[in-house]
Amino acid sequence: MGRWWRRRSLRARVTLASTAGLAVALFAVALLLRAELRASLSDGLDNTARQGAREVAALADAHRLPDPVPVAAGTITVQVLNTEGRIIDASPGADLLVPLLPADEAAANARAGRAVVLAGPPYGLPSQVRVVTVATRGGDTVIAAVASDQVGDSVAALTRALLIGTPLLLLVLAGAIWLVVGTTLRPIAELRRGAQDVTRTGRPRALPVPEARDEVHSLALTLNDMLSRLGEAQERQRGLVSDTAHELRSPIASIRAQLEVALDHPDTQDWRQTASDVLQDTLRLAALAEDLLVLARLDERGGRPIAHQVVDLSALAAGEVSRYDDARVPVLVSGAEPCAVTGDADGLRRMLGNLIDNAARYAASRVEVAVSMAGPWARLTVTDDGPGLSPPDAERAFGRFTRLDNARSRDGEGEGGAGLGLAIVRATAQAHGGSASLEDAEPGLRAVVLLPAAQQRSPTPPG
């Protein structure tokens, strides 16, 4: 049964469960209505009989009770018992010898106001009667009986109506539930069809959003936001693959051309120079592969740092600067306040190295590295005095494989990189909960990295 139930559709399960609940409720209401009708009709008959008995008792108390007792024909049967339990008066058609109730029981019922049901045929009455009693002031007891066949007939008629009407009503309600649930689930079916289209084409696109401001509407918005992000990631991936392929073409083509020339003219070839040139292109390929691997690791971890260790940013800066003693221009530490951050020491060292490499490539006379505290932030800056960048180009420079059409775009060939250095810088800073930006140093360019200081709750990086 459980397996059969689980294999039903959501629409069918909701309809079946709701219909079952309605069936129980309608059955209970039918039983309650039937019982209430029976009780109401019985109370009406009791009141009619009791009212007739009181009128007879009033006549007896006034000593004006005629013989036979006057009653409406065919409605009430009356017997009057004396204190000894003998019938002293009766209505037409009533038994004059056998009382409907013994004297003691009749007196007790009169005091309690209780009605009883008796079989009528032994007394020459209909199949079933309801009997009530009323006492007179003289001690006599008036017994009044009314036929209760109409109660049974009315209840039977109601039962037949309920047996026919309740299932029909249940079917109508089940159909309504089926339609309502289908209407409610239609937006979900549309979302499913949209998701199937995305699966078939492999290209994320917006799913239909229902007009109703309900949970399905919120689900559709959430899914569309997810698909939008997936689409953007897919486009970035395609662009990265295309740019990577483009970057790989140059060094591979150069290596191939040099080796082909060397093999075609081995006698005239300077093999040492060829090996040196091929090594340079190989190192360029290795650097590109390393940069791509770093970016892939940062993307794979969703912007989270690879390690969580306390790093002395000032000591890290001093150690990294010491590696540039033979650089084209002097690389100096212009200020180093004690600053501790939490994160990946190797990743931070690589980030600072990229900034220094970029600055040293374009500096006119010097590169300055500084570390300071700015509120809850550790502030790392690398400043050069070379050509600067316009604000739009300063933001574009953080893109992957970005080439700028100005004096700082000479990294396309020769000693330059592949345009991934600043992309790694920003990705690393964001992975540590910080930010990276470029600003005008007048003259030159200043790279600014803000990282949350250790033992601080990550504040919101400034825009």
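To be clear, the structure that these remarks concern was listed above.
Sequence order sets the numbering: in each chain, residues are counted from 1 along the sequence as written. Whole-chain, interface and lining totals are the exception, using all residues; otherwise, since this is a predicted model, local features are given only for residues with pLDDT of at least 70 and side-chain atom pairs are given and counted only at 80 or more. In computing side-chain properties, one takes all heavy atoms of the structure into account and sets aside hydrogens as well as water.

1. Focus on the overall build of the chain
Working step 1: Segments assigned H or I by DSSP are reported as helices when at least four residues long, segments assigned E as strands when at least two residues long, and all are numbered from the N terminus. Helix and strand counts for the chain come out as 10 helices and 12 strands.
Working step 2: It is over C-alpha atoms that the radius of gyration is taken, and the globule rule equals 2.2 Å times the number of residues to the power 0.38. Computed over the C-alpha atoms, the radius of gyration of the chain is 50 Å, more than 25% above the 23 Å expected from 2.2 N^0.38 for a compact globule of 463 residues.
Working step 3: By its C-alpha atoms, the chain is 155 × 55 × 35 Å across when sized along the principal axes.
Working step 4: Looking at the chain residue by residue over its 463 residues, the buried ones come to 37%.
Working step 5: The contact criterion used throughout is that any non-hydrogen atoms of two residues lie within 4.5 Å. Taking all contacts inside the chain whose residues are at least 6 apart in sequence as the whole, residues at least 24 apart take part in 60%.
Working step 6: Per element, the accessible surface of the chain, about 26,600 Å² overall, is 56% carbon and sulfur.
Working step 7: Counting rule applied: Lys, Arg positive; Asp, Glu negative; His and chain ends not counted. We put the charge of a Lys on NZ, of an Arg on CZ, of an Asp on CG and of a Glu on CD. Computed over 49 positive and 54 negative side-chain charges, the inter-centroid distance for the chain is 6 Å. Exposure classes here rest on a 1.4 Å probe applied to the protein chains alone. A residue is buried below 20% of its type maximum, exposed above 50%, and partly exposed in between. To measure how exposed things are, a 1.4 Å probe is used in the Shrake-Rupley method; for residues, cover is taken only from the protein chains shown.

2. Remarks on the packing of helix H2 (residues 10–61) against helix H4 (residues 149–201)
Working step 1: With axes taken as lines fitted to C-alpha atoms, and helix axes fitted only over the stretch in contact, angles between N-to-C directions fall between 0 and 180 degrees. Contact geometry for H2 and H4: axes closest at 9 Å, N-to-C directions at 160 degrees. As far as their axial angle goes, H4 and H2 are roughly antiparallel. Classified by chirality, the crossing of H4 by H2 is right-handed.
Working step 2: Residues that form the contact of H2 with H4 fall into these classes: 24 nonpolar, 9 polar and 3 charged. These descriptions rest on fixed angle ranges, namely under 35 degrees for roughly parallel, over 145 for roughly antiparallel, 65 to 115 for roughly perpendicular, and the rest for oblique. Two helices that cross are described as forming a left-handed crossing if the nearer one is turned anticlockwise from the farther one by less than a right angle, and a right-handed crossing if clockwise. As a working rule, the residues Ala, Val, Leu, Ile, Met, Phe, Trp, Tyr, Cys and Pro are called nonpolar, Asp, Glu, Lys and Arg charged, and the rest polar, with Gly in that last group.

3. A short note on the pattern of salt bridges
Working step 1: What makes a salt bridge here is a side-chain nitrogen of Lys or Arg within 4 Å of a carboxyl oxygen of Asp or Glu, nothing more. Under the counting rule described, the total for this entry stands at 11 salt bridges.
Working step 2: Notably, a salt bridge pairs Glu320 with Arg323, separated by 2.5 Å at the nearest N-O pair.
Working step 3: Exposure remark for Arg323: the relative accessible area of 57% places this residue in the exposed category.
Working step 4: Residue Arg426 is joined to Glu395 by a salt bridge in which the shortest nitrogen-to-oxygen separation is 2.7 Å. On the criterion of sequence distance, the pair formed by Arg426 in helix H10 (residues 421–431) and Glu395 in helix H9 (residues 391–396) is long-range, its members being 31 residues apart.
Working step 5: Looking at Glu395, the relative accessible area reads 46%, which means it is partly exposed.
Working step 6: Residues participating in the shared-partner salt-bridge network are Arg379, Glu439 and Arg446.

4. Looking at the sheet that holds strand E4 (residues 128–135)
Working step 1: An order of E2-E1-E5-E4-E3 is seen for the 5 strands of this open sheet, with the pairing classed as antiparallel. The open sheet has two edge strands with one neighbour each: strand E2 (87–90) and strand E3 (116–119). Strand-to-strand twist across the sheet, computed as the mean angle between neighbouring axes with direction ignored, equals 30 degrees.
Working step 2: By this definition, two strands are paired if DSSP reports at least two bridges between them. Of the pairings in the sheet, the one linking E4 to strand E5 (residues 141–147) comprises 7 bridges and is antiparallel in character.

5. A word on the side chain of Thr19
Working step 1: With respect to the element layout, Thr19 can be found in helix H2.
Working step 2: Judged by relative accessible area, Thr19 falls into the buried class, the value being 16%.
Working step 3: Polar contact is defined as a pair of N or O atoms within 3.5 Å, subject to the rule that within protein one atom must be able to donate a hydrogen and the other to accept it, and that residues adjacent in sequence are counted only when both atoms are side-chain atoms. Reaching out from Thr19, the side chain makes a polar contact with the backbone oxygen of Thr15 at a distance of 2.6 Å.
Working step 4: Apart from residues no more than four positions distant in its own chain, Thr19 is found in contact with Leu170, Ala174 and Ile177.

6. Notes on the packing of helix H7 (residues 313–321) against helix H8 (residues 345–362)
Working step 1: Relative to each other, H7 and H8 sit at 50 degrees, their axes nearing to 10 Å. Classified by the angle their axes make, H7 and H8 are oblique. In this structure, H7 meets H8 at a crossing whose hand is right-handed. Of the residues in H8, those touching H7 at Leu316, Ala317, Glu320 and Val321 are Ala345, Leu348, Arg349, Leu352, Gly353 and Ile356.

7. Thoughts on H4
The periodicity of an α-helix, 3.6 residues per turn, causes residues three or four positions apart to be oriented the same way.
Working step 1: The end-to-end C-alpha distance of H4, which contains 53 residues, comes to 76 Å, matching closely the 78 Å that a straight helix rising 1.5 Å per residue would cover.
Working step 2: The seven residues ending at a residue and the seven starting there each receive a fitted axis; the angle between those axes is the bend at that residue. For H4, the principal kink sits at Leu185 and spans about 40 degrees; a proline, Pro187, occurs within the next four residues.
Working step 3: Looking one or two residues past H4, Gly202 carries a phi angle of roughly 75 degrees, positive in sign. Under the convention used throughout, the expected extent of a helix is 1.5 Å for every residue step, that is, one less than its residue count.

8. Looking at the sheet that holds strand E10 (residues 377–384)
Working step 1: Taken together, 5 strands build an open sheet; the order of strands is E7-E9-E10-E12-E11 and the sheet is mixed. Unpaired on one side and paired on the other, strand E7 (331–336) and strand E11 (435–440) mark the two borders of the sheet. Strand-to-strand twist of the sheet, defined as the mean angle between neighbouring strand axes without regard to direction, takes the value 20 degrees.
Working step 2: Across the sheet, H10 is in contact with E11 and strand E12 (445–452); its angle to E11 comes to roughly 130 degrees.

9. A word on the packing of aromatic side chains
Working step 1: Classification of ring pairs uses Phe, Tyr and Trp, with its six-membered ring standing for Trp, and accepts pairs whose centres are within 6.5 Å; under 30 degrees between planes counts as stacked, over 60 as edge-to-face, and the remaining range as tilted. Throughout the structure, instances matching the rule amount to 0 aromatic pairs.
Working step 2: Definition used: whenever NZ (Lys) or CZ (Arg) falls within 6 Å of the ring centre and also within 35 degrees of the ring normal, the charge is taken to sit over that ring. Stacked on the ring of Phe398, the Lys or Arg Arg426 has its end atom at 4.0 Å from the ring centre.

10. Some remarks on the environment of Gly120
Working step 1: The topology assignment puts Gly120 in the loop between E3 and E4.
Working step 2: Put simply, Gly120 and Pro187 are 67 residues apart on the chain and 67 Å apart in space, counted from C-alpha to C-alpha.
Working step 3: In this view, Gly120 contacts Leu125, Pro126, Ser127 and Gln128; residues no more than four positions away in its chain are not counted.

11. A few points about a nonpolar patch on the surface
Working step 1: A contiguous nonpolar patch, built from Leu163, Ile164, Leu168 and Leu171 and spanning about 460 Å² of accessible area, is present on the exposed surface.
Working step 2: Relative to the elements of secondary structure, Ile164 occurs in helix H4. The residues that make up patches have over 30% relative accessible area and no salt bridge, and they are joined within 9 Å when like-charged or within 5 Å when they are Val, Leu, Ile, Met, Phe, Trp or Tyr.

12. Concerning H10
Working step 1: Counting buried residues in H10 gives 9 out of 11 residues, a clear majority hidden from the surface.
Working step 2: Of all the positions in H10, only Leu422, Ala423, Ile424, Val425, Arg426, Ala427, Thr428, Ala429 and Ala431 are classed as buried.
Working step 3: In the stretch just after H10, Gly433 is the one whose phi turns positive, near 80 degrees.

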